[in-house]
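Coordinate inspection notes
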Amino acid sequence: MDYRQEMRDFVIEISTFSKSQNPNFIVIPQNGHELVLKEDGKLANDYLSAIDGLGQEDLNFGYIGDNVPTPEENRNYILQQLLAGQKKGKTVLVTDYAEGNKNYNTSETLNSKRGFISYVAEERDLTIIPEQKNKLKHNNSNDIENLKKAQNFLYLLNFEQFETKEELLNSLQETNYDIFILDAFYHSKLFTPQDLEKIRYKKSGGKRLLISYMSIGEAEDYRFYWNSDWDASNINWIDAENPKWKGNYKVKYWNKDWKRIITGTSSSYLQRIIDAGFDGVYLDIIDAFWYFENKKDL
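Our subject in this report is the structure included herewith. Fair warning: this is a prediction, and the values are worked out from it, not measured in the lab.

Reading the values: rules and limits
Residues numbered from 1 in each chain as written. Predicted model: local features only at pLDDT ≥ 70, side-chain atom pairs only at ≥ 80, totals over all residues. Heavy atoms only, no water. Helix = DSSP H or I, 4+ residues; strand = E, 2+ residues; numbered from the N terminus. Polar contact = N/O pair within 3.5 Å; in protein donor to acceptor, adjacent residues only side chain to side chain. Contact = heavy atoms within 4.5 Å. Pairing = 2+ DSSP bridges. Axes fitted to C-alpha atoms, helices over the stretch in contact; angles between N-to-C directions. Phe/Tyr/Trp six-rings, centres within 6.5 Å; stacked < 30°, edge-to-face > 60°. Buried < 20%, exposed > 50% of the residue type's maximum accessible area, 1.4 Å probe, protein only. Lys NZ or Arg CZ within 6 Å of the ring centre and 35° of its normal.

1. Overview of the side chain of N255
Positionally, N255 belongs in the loop between β12 (248–251) and α7 (256–262). At a separation of 2.7 Å, a polar atom in the side chain of N255 contacts the main-chain amide nitrogen of D257. Apart from residues lying up to four places away in sequence, N255 is in contact with N236 and W237.

In structure tokens:
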């Protein structure tokens, strides 16, 4: 099986389903840089045509440890694919994991020189809205109607710092980020269109983009779709639990049953995100092909 092509095809299905309802819906795979080029070095044009941007973690800091510079060899390898995608008109969003003004400025400078949109996260759990003063580059009041107009973004997945949904929404309202990448659920409850309208505009008045995180290479046992009776012995598309993230399970992402959970139906994960009013999706665990390529027994 060509695991990389299976992932490309999955992303294309997600794009086709969402863009059939909203042609401007944004699709951004994260950490799938190796899908940009095929084994022969040629561009994967069908895949690139289906997506709007490329998300990348650890480009400058975090690849071998948070707050640690990414080795040049690894950075250059990733850059080869990112720059190939950028030449095809895809916006690149980089999340580096670093703290301190020196590393923050280094990350911002390197990403800006390459034309990448940058976010520097102080911790990998992504629980923090950074202080705006000196921590929001390219602050502007423009209406952000597409990725190409964006100059900065916030990546916030875990809401444990906020006791209520209202506290979270109020805190987000007070920022000027051009893009929010957020989990679509606050403690298992999907954000409503009314919730999203409260945060759709920057404090400065300009409109921003609201992008929902969605993992498609792993199943998460805290999601609406999870059945407590599921395990690898009775569900043929569930594989091993991720030892680094308890409750996350590798999935055979080419399986039709898993795909139906994610996309293509009125009750799918993607449809819920669309109905809530998000402007796009940020697809995670795109690099799940590595797990299966290196697994001896499927």
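2. Here we look at the side chain of E34
When you line up the elements, E34 lands in the loop between β1 (26–29) and α2 (45–50). Engagement of the side chain of E34 in a polar contact is seen with the side chain of Y77, the distance being 2.5 Å. With residues up to four places along the chain from it excluded, the contact list for E34 reads R4, R8, Y77, Q81, F289 and W290.

3. With respect to the sheet that holds strand β11 (residues 238–241)
Spatially, β10-β12-β11 is the arrangement adopted by the three strands of the open sheet, whose pairing is antiparallel. Each edge of the open sheet carries a strand with a single partner, namely β10 (218–220) and β11. Averaged over all pairs of adjacent strands, the angle between their axes in this sheet comes to 40°, without regard to strand direction. Inspection of the sheet shows β11 paired to β12 by two bridges, in the antiparallel sense. Bridged to I238 within β12 is V251.

4. Section: the environment of E218
Structurally, E218 can be placed in strand β10. Taking the C-alpha atoms as reference, E218 lies 5.3 Å from V251; in sequence the two are 33 residues apart. Contacts of E218, omitting those with residues within four sequence positions, involve Y225, N242, N248, Y249, K250, V251, W258 and I285.

5. Remarks on the packing of aromatic side chains
For the structure on display, the rule yields 21 aromatic pairs. Relative to Y249, the ring of W226 has its centre 5.2 Å away and its plane inclined at 20°; by these criteria the two rings are stacked. Here Y249 lies in strand β12 and W226 lies in the loop between β10 and β11, a separation of 23 residues in the sequence. With respect to class, W226 is no different from Y249; both count as buried. An aromatic cluster is built from F185, F224, Y225, W226, W230, W237, Y249, W258 and Y269, whose rings are joined through pairwise contacts. Taking NZ or CZ as reference, R4 lies 5.0 Å from the ring centre of W290, over its face. Across from the ring centre of F224, 3.9 Å away, lies the NZ or CZ of R272, which sits over that ring.

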